[in-house]
Amino acid sequence: MLSPVAVDTGIAPDLLPTLAASGLQPMQLGGRTLLPIVQGGMGVGVSAHKLAGAVAREGGIGTLSSVDLRRHHPDLMARTEGLAARQGMDADTKAQIDAANLEAVEREVKAARAASDGLGLIAMNVMRAVSDYAAYVKRSLEAGVDMVVVGAGLPLDLPDLAAEHPKALLVPILSDSRGVALLVKKWERKKRLPDAIVIEHPRLAGGHLGAARIADLNDPRFDFERVIPESREFLAKMGVDIPLIAAGGIRSCEDIARIQALGGAGVQLGTPFAVTTEGDASDAFKRVLAEARDEDVVEFTSVAGLPARAVATPWLKNYLKAEPALQAVAHAKARCTKAFDCLAQCGLRDGFKDWGQFCIDNQLAAALRGDLKKGLFFRGAGALPFGAQIRSVRELMERLLTRGMAVPQPLPT
């Protein structure tokens with residue numbers, strides 16, 4: 001049983017009895033004792049300092065998403081608003097927008113740290129697929145983030161980027177044991193191992209998914225019952241103990257207990273945290289996610305070339321109807337035709353006919369505002385812990401640490 005006075009704990013003291021009663025094991029990471037709960041990074045702007053700081057303050061890991069954080073800072077938006085329209089999307093325009101976003105990264109890390117009251121950990125999620133990936137990693141580390149989490153691509157170079165920050169925690173997001181083995185072996189040659197690994201199930205998670213094609217989402221090699229034991233076996237043969245954190249479809253204390261019984265250290269949740277009162281998106285955004293049923297959620301190929309899962313809003317339905325025609329005329333452009341040249345490879349800009357043909361930054365920014373006519377609302381599968389209710393981070397944590405709390409099912413339409 002967890003001692004209620006553990007000196008190294010990063011957990012809110014009044015949650016320690018709840019954790020002890022749950023039968024769950026705390027997670028040990030970065031020299032701290034933590035709740036076995038990680039809040040996933042969600043962009044654009046869905047998980048910024050208010051949400052990440054609130055999760056850390058309870059004793060979990062609160063995660064900022066690095067993508068386009070300037071949208072939470074009116075002065076940075078004023079500085080960059082209309083740049084592309086006035087100047088065209090040239091190198092100077094991109095540099096100014098990137099500089100504003102890097103400044104926002106630093107501000108958000110500091111604000112999340114202040115909101116955490118010194119508890120939990122603050123992480124930054126950076127997509128490997130974004131063009132300024134390396135700059136985001138370095139600025140996050142310089143700003144003092146505890147942990148860098150990288151998905152949407154294989155971050156083989158992350159140890160190199162973090163070489164000047166040996167105490168920072170480095171965490172890749174992977175989906176199968178083959179990926180775990182490949183990355184760990186590559187990193188070992190660089191004399192640095194992952195401090196934890198997020199195992200994300202492509203059939204259950206929201207946003208960009210860790211499979212090559214939509215047809216692969218149901219492949220049994222992604223099942224937690226297979227990936228976690230296989231990865232644990234590989235790590236044991238390597239002689240290392242790296243915590244594994246399961247992501248996708250986690251909704252209850254029983255789910256967390258099942259993951260820990262498989263050998264996982266903890267879990268990561270995105271959508272349930274996105275709809276909390278502290279979530280940084282608009283109330284309209286939260287209602288869209290909270291009220292969506294499984295049949296309202298669809299898979300498609302993103303402009304980043306990855307399978308993705310989102311709510312079938314009016315914009316997404318209209319886009320998917322038009323997608324074949326848009327892909328048929330896809331062609332490479334000389335430059336990004338929108339206001340933010342965000343991806344290293346972009347279906348719209350680079351003319352990849354099998355990839356999405358829309359501006360992901362514009363559509364995610366519209367979702368942040370709750371705009372159903374223009375927004376792309378990423379969402380994971382499964383009913384949420386409080387159904388369609390919007391509740392606090394504290395209430396969500398308490399529910400996740402309490403057995404026998406049934407997940408409310410949505411009412412039939």
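Remember, predicted model here, so these are calculated numbers, not experimental data. (Residues numbered from 1 in each chain as written. Predicted model: local features only at pLDDT ≥ 70, side-chain atom pairs only at ≥ 80, totals over all residues. Heavy atoms only, no water.)

A. Spotlight on the overall build of the protein. The helix and strand inventory of the protein stands at 16 helices and 13 strands. For the protein, whose C-alpha radius of gyration is 20 Å, the value lies close to the compact-globule estimate of 22 Å for 413 residues. Projected onto the principal axes, the alpha-carbon positions of the protein cover approximately 60 × 55 × 40 Å. For the protein, with 413 residues in total, the buried portion stands at 57%. In the protein, the share of contacts with a sequence separation of at least 24, taken over all contacts with a separation of at least 6, comes to 65%. Within the structure as shown, the protein displays about 16500 Å² of accessible surface, and the carbon and sulfur contribution to it stands at 53%. One way to put it: in the protein the 49 positive side-chain charges average out to a point 3 Å from where the 48 negative ones average out. (Helix = DSSP H or I, 4+ residues; strand = E, 2+ residues; numbered from the N terminus. Rg over C-alpha atoms; globule rule 2.2 N^0.38 Å. Buried < 20%, exposed > 50% of the residue type's maximum accessible area, 1.4 Å probe, protein only. Contact = heavy atoms within 4.5 Å. Areas by Shrake-Rupley, 256 points an atom, 1.4 Å probe, with all protein chains shown as cover. Lys, Arg positive; Asp, Glu negative; His and termini not counted. Charge placed at Lys NZ, Arg CZ, Asp CG, Glu CD.)

B. A look at the packing of aromatic side chains. If you walk through the whole model with that rule in mind, you get six aromatic pairs. When the ring of W315 is compared with that of F358, the centres are 5.2 Å apart and the planes differ by 80°; the resulting orientation is edge-to-face. Of this pair, W315 sits in helix α13 (residues 314–328) while F358 sits in the loop between α14 (347–350) and α15 (360–369), and the two are 43 residues apart along the sequence. Classification of W315 by relative accessible area gives buried; the value is 12%. Through pairs of rings, three or more aromatic residues link up here, namely F300, W315, Y319 and F358. (Phe/Tyr/Trp six-rings, centres within 6.5 Å; stacked < 30°, edge-to-face > 60°.)

C. Molecular detail of the confidence of the model for the protein. Residues with a pLDDT of 70 or more make up 92% of the protein, whose mean pLDDT is 90. A low-confidence stretch, residues 1–7 stays under pLDDT 50, and its non-local contacts, those more than four residues away or across chains, total eight contacts. (pLDDT = per-residue confidence, 0-100.)

D. Molecular detail of the pairing of strand β11 (residues 266–269). With burial as the criterion, each face of β11 is covered, one bearing G266 and Q268 and the other bearing V267 and L269. Direction of pairing for strand β3 (residues 37–39) relative to β11: parallel, over a ladder of three bridges. Residue pairing across strands places I37 opposite V267, the latter belonging to β11. One ladder, built from three bridges, connects strand β10 (residues 244–247) with β11; its direction is parallel. (Pairing = 2+ DSSP bridges.)

E. Here's a closer look at the pattern of salt bridges. In total, this model carries 27 salt bridges according to the counting rule given. Across the salt bridge formed by D176 and R178, the nearest N and O atoms sit 3.8 Å from each other. Residues joined by salt bridges that share partners form a network here, namely D14, E58, R394 and E398. (Salt bridge = Lys/Arg side-chain N within 4 Å of Asp/Glu carboxyl O.)

F. View of the sheet that holds strand β12 (residues 297–301). What the three strands build is an open sheet, ordered β9-β13-β12; its pairing is antiparallel. Every interior strand has two partners, whereas the edge strands, β9 (207–208) and β12, have only one. One ladder, built from two bridges, connects β9 with strand β13 (residues 307–311); its direction is antiparallel. Across the sheet, G207 pairs through a bridge with R309, a residue of β13.

G. Region of the structure containing the pairing of strand β6 (residues 147–151). Counted residue by residue, β6 has five buried out of five residues, so it is predominantly covered. Side-chain alternation along β6 places M147, V149 and G151 on one buried face and V148 and V150 on a second face that is also buried. Taking the sense of rotation as the criterion, the β-α-β connection linking strand β5 (residues 121–127), helix α6 (residues 133–142) and β6 turns out right-handed. Bridge count between β6 and strand β7 (residues 169–174): four bridges; the pairing is parallel. By the bridge assignment, V149 is partnered in β7 with V171. (Right-handed = clockwise from strand over helix to strand, strands pointing away.)

H. Broad picture of the packing of helix α9 (residues 224–238) against helix α10 (residues 253–262). Relative to each other, α9 and α10 sit at 40°, their axes nearing to 9 Å. As far as their axial angle goes, α10 and α9 are oblique. Contact residues: α9 offers F224, E225, I228 and P229, while α10 offers R258, I259 and L262. When the residues that make up the contact of α9 with α10 are grouped by side-chain class, the tally is five nonpolar, no polar and two charged. (Axes fitted to C-alpha atoms, helices over the stretch in contact; angles between N-to-C directions. Parallel < 35°, antiparallel > 145°, perpendicular 65-115°, else oblique. Nonpolar A, V, L, I, M, F, W, Y, C, P; charged D, E, K, R; others polar.)

I. Expanded view of the nonpolar core. One finds V148, F273 and L376 to be the most contacted residues of the largest nonpolar core, which totals 104 residues. Sort the elements by how many residues they give to this core and helix α5 (residues 91–115) lands first, with six residues. One finds L29, A196, V198 and A247 within the second-largest nonpolar core, a separate group that totals 17 residues. (Core = buried A, V, L, I, M, F, W, Y, C linked by side-chain atoms within 4.5 Å.)

J. Inspection of empty space enclosed by the protein at higher detail. Enumeration according to the criterion identifies four cavities of 30 Å³ or more in this entry. Approximately 60 Å³ is the volume attributed to the second largest cavity. Residue lining of the second largest cavity: P272, V275, T276, L384, P385, F386, G387, Q389, R391, S392 and L396, and that is the complete set. Residue composition of the lining of the second largest cavity, grouped by class: six nonpolar, four polar and one charged. (1 Å grid on protein atoms, 1.4 Å probe; cavity = no way out; pocket = protein on both sides within 12 Å on 5 of 7 lines; lining within 4 Å. Points joined across faces, edges and corners; volume = space filled by probe spheres on them.)

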